[in-house]
Amino acid sequence: MLVVMRQGASAEQIQGVMRAIEARGFKAHAIPGEQRTAIGITGNRGAVDRPVFESLPGVLEVIPVTHAYKLVSREVKPEDTIVRVGDVAIGGRELVIAAGPCAVESLEQTLIVARAVKKAGARLLRGGAFKPRTSPYSFQGLGEEGLRILAAAREETGLPIVTEALDVEGVDLVERYADAIQIGARNMQNFSLLRRCGKARKPVLLKRGIAATLEEFLMSAEYLLAEGNYGVILCERGVRTFSDYSRNTLDLAVVPAVKQLSHLPVFVDPSHGTGRRDKVTPLSRGAAAVGADGLIIEVHHDPDTALSDGPQSLTPEMFASLVAQIRQIAPVLGRSL
Ligand code: PEP
Ligand code: MN
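Bear in mind that the values here come from a model prediction, so they are computed numbers and not experimental data.

Caption draft 1: Layout of the pattern of salt bridges. Applying the stated criterion across every chain yields a total of 19 salt bridges. Across the salt bridge formed by Arg 247 and Asp 309, the nearest N and O atoms sit 3.0 Å from each other. Taken together, the positions of Arg 247 in the loop between strand E12 (232-236) and helix H8 (254-261) and Asp 309 in the loop between strand E14 (294-298) and helix H11 (316-329) put the pair 62 residues apart, joining distant regions of the chain. Each member of the salt-bridge network shares a partner with another, and the members are Glu 144, Glu 145 and Arg 148.

Right, here's the structure in full:
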């Protein structure tokens, strides 16, 4: 249920409605809009007594939210949400590119890649210190040492960092270093991790699960917002299909579908989405064209020796070419880079 306040409703009236919601044991979420404030009600098991709220001072109307997800839906908030990661605004006019290695391997490797992607035009640095690997025998990441390396790369380049938290126990640590916390595809429905990240003070990049429907994807985002974290960036990273020429099938059609249903910004990850270096640039062009708010790209200075995801990692030269191409496409779409 959504309580829509009249234009010009006072802060006191808004507080009054929020108190009335909470007095009934529900949770109130104030959603300031360009024209007027709306207040989302969650936590109600059955129907909310509409007339009670409709009669409160400053209330314009009380409308039911038809989707199972509430706070992420455009019904509740028609305007696009802009998420700030460090000093970078995501979801506005600028098309934002995050780039960096799949995994942080060493200070030297991370600095080489960070300098190169910054020079080419990346606005955020990505890199995993805790890696979700299919095999327990594969490189699992450097842990806190990896986070310290990322912080050093941020210090030098000024690029805010996006890095993954693998589990609830790891969030405290990741939150201390990261500018945005990544929740990986395999964790999209790790509900305790979602709840914990919902309480985090840093924005979250939520990747779509490998077999997740759009509804499931948005419901996972809802967990984050329901706990009070409104800084959520969705990320399409490919889903599992019968494709025998790519690691995953990048579902670009989900971008306009998300945009229709939700106000949250959407990134596309063509690196995991295709798993093949030669397909990353064409799919990046496609992602920009369908309206992605940003791209997240794996780059390694020597992909053949990468400790994870070498086959899908671009060289710095390939990455620079990718950015140059997106820079040409962006103005056609009314965006800047
Ligand atoms: C990654 O970004 O390196 C990663 C592991 O992504 P995903 O969770 O999408 O597989
Ligand atoms: Mn990877």
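Here the narrative resumes, following the displayed structure.
Caption draft 2: Structural context of the side chain of Arg 74. Looking at the secondary structure, you find Arg 74 in the loop between strand E4 (59-63) and strand E5 (83-85). Sequence-distant contacts of Arg 74, that is, excluding residues within four places in its chain, are made with Glu 79, Asp 80, Lys 259, Gln 260, Leu 261, Ser 262 and His 263.

Caption draft 3: Representation of H11 in the model. Helix length check: H11 (14 residues) gives 20 Å between terminal C-alpha atoms against 20 Å at 1.5 Å per residue, within 8%. What H11 keeps buried is the set Pro 316, Phe 319, Leu 322, Val 323 and Ile 326. Along H11, the residues classed as buried sweep out an arc of 110° about the axis, all on the same side. Residues of H11 that are exposed and angled more than 90 degrees away from the buried face: Glu 317 and Gln 328. Looking at the buried positions of H11, the neighbouring elements they touch are strand E7 (96-100), helix H3 (107-120), helix H10 (277-289) and E14.

Caption draft 4: Quick look at the sheet that holds strand E9 (residues 161-164). The strand order around the closed barrel formed by eight strands is E7-E8-E9-E10-E11-E12-E13-E14, and the pairing between neighbours is parallel. With direction set aside, neighbouring strand axes in the sheet form an average angle of 25°. Relative to E14, E7 runs parallel, the two sharing five bridges. The residue bridging Ala 99 from the neighbouring strand is Ile 297, located in E14.

Caption draft 5: Region of interest: the environment of Ser 220. If you trace the backbone, Ser 220 turns up in helix H7 (residues 214-226). Using a relative accessible area of 1% as the deciding quantity, one classes Ser 220 as buried. Counting along the chain gives 60 residues from Ser 220 to Val 280, while the straight-line C-alpha distance between them is 27 Å. Ser 220 has contacts with Met 188, Gln 189, Leu 194 and Leu 206, leaving out every residue within four places of it along the chain. There is a polar contact of 2.8 Å between the side chain of Ser 220 and the backbone oxygen of Met 188.

Caption draft 6: The nonpolar core, seen in detail. In terms of nonpolar packing, the biggest core is built from 72 residues, with Val 117, Leu 206, Leu 234, Ile 297 and Phe 319 touching the most fellow members. If one sorts the elements of this core by residue count, H7 sits on top with six residues. With residues near it in sequence (within four places) discarded, Val 117 still touches Ala 99, Gly 100, Ala 122, Leu 125, Leu 159, Val 299 and Phe 319. Ala 9, Ile 14, Ile 41 and Val 59 belong to the second-largest nonpolar core, a separate cluster that totals 17 residues.

Caption draft 7: Representation of the sheet that holds E4. Pairing is antiparallel in the open sheet, where four strands are placed in the order E2-E3-E1-E4. Here the strands that pair on one side only, and so sit at the sheet edges, are strand E2 (27-32) and E4. Averaged over all neighbouring strand pairs, the angle between strand axes comes to 20°, with direction disregarded. Summarising the sheet, E2 and strand E3 (residues 37-42) pair through six bridges and their orientation is antiparallel. Pairing of His 29 across the sheet is with Gly 40, part of E3. Helix H1 (residues 11-23) contacts strand E1 (2-5), E2, E3 and E4 of the sheet and is inclined by roughly 5° relative to E3.

Caption draft 8: Here's a closer look at the state of the cysteines. For the structure on display, the rule yields zero disulfides. Cys 102 supplies the cysteine sulfur nearest to Cys 235, a cysteine that is in no disulfide, at a spacing of 13 Å.

Caption draft 9: Highlighting the layout of surface pockets. Counted as a void, the largest pocket has a volume near 380 Å³. Contributing to the lining of the largest pocket are 20 residues, with Thr 42, Gly 43, Ala 68, Lys 70 and Glu 222 lying nearest its centre. Listing elements by their share of the lining of the largest pocket, those giving two or more residues are E3 and H7. Sorting elements by how many residues they give to the lining of the largest pocket places H7 first, with four residues. Split by residue class, the lining of the largest pocket holds 10 nonpolar, four polar and six charged.

Caption draft 10: Here's a closer look at the site of ligand 1. Taken together, 13 residues lie near ligand 1, and Arg 126, Lys 131, Gln 182, Ala 185 and Arg 237 sit nearest. Ala 185 has a polar backbone atom sitting 2.8 Å from an oxygen atom of ligand 1. In the environment of ligand 1, an oxygen atom lies 3.0 Å from a nitrogen or oxygen atom belonging to the side chain of Lys 207. Partitioned by chemical class, the residues of the shell around ligand 1 number three nonpolar, three polar and seven charged.

What counts, and at which threshold
- Residues numbered from 1 in each chain as written.
- Chains lettered and ligands numbered in written order.
- Predicted model: local features only at pLDDT ≥ 70, side-chain atom pairs only at ≥ 80, totals over all residues.
- Heavy atoms only, no water.
- Salt bridge = Lys/Arg side-chain N within 4 Å of Asp/Glu carboxyl O.
- Helix = DSSP H or I, 4+ residues; strand = E, 2+ residues; numbered from the N terminus.
- Contact = heavy atoms within 4.5 Å.
- Expected span 1.5 Å × (residues − 1).
- Buried < 20%, exposed > 50% of the residue type's maximum accessible area, 1.4 Å probe, protein only.
- Arc of directions from axis to C-beta.
- Pairing = 2+ DSSP bridges.
- Axes fitted to C-alpha atoms, helices over the stretch in contact; angles between N-to-C directions.
- Polar contact = N/O pair within 3.5 Å; in protein donor to acceptor, adjacent residues only side chain to side chain.
- Core = buried A, V, L, I, M, F, W, Y, C linked by side-chain atoms within 4.5 Å.
- Disulfide = S-S within 2.5 Å.
- 1 Å grid on protein atoms, 1.4 Å probe; cavity = no way out; pocket = protein on both sides within 12 Å on 5 of 7 lines; lining within 4 Å.
- Points joined across faces, edges and corners; volume = space filled by probe spheres on them.
- Nonpolar A, V, L, I, M, F, W, Y, C, P; charged D, E, K, R; others polar.
- Near = heavy atom within 4 Å.

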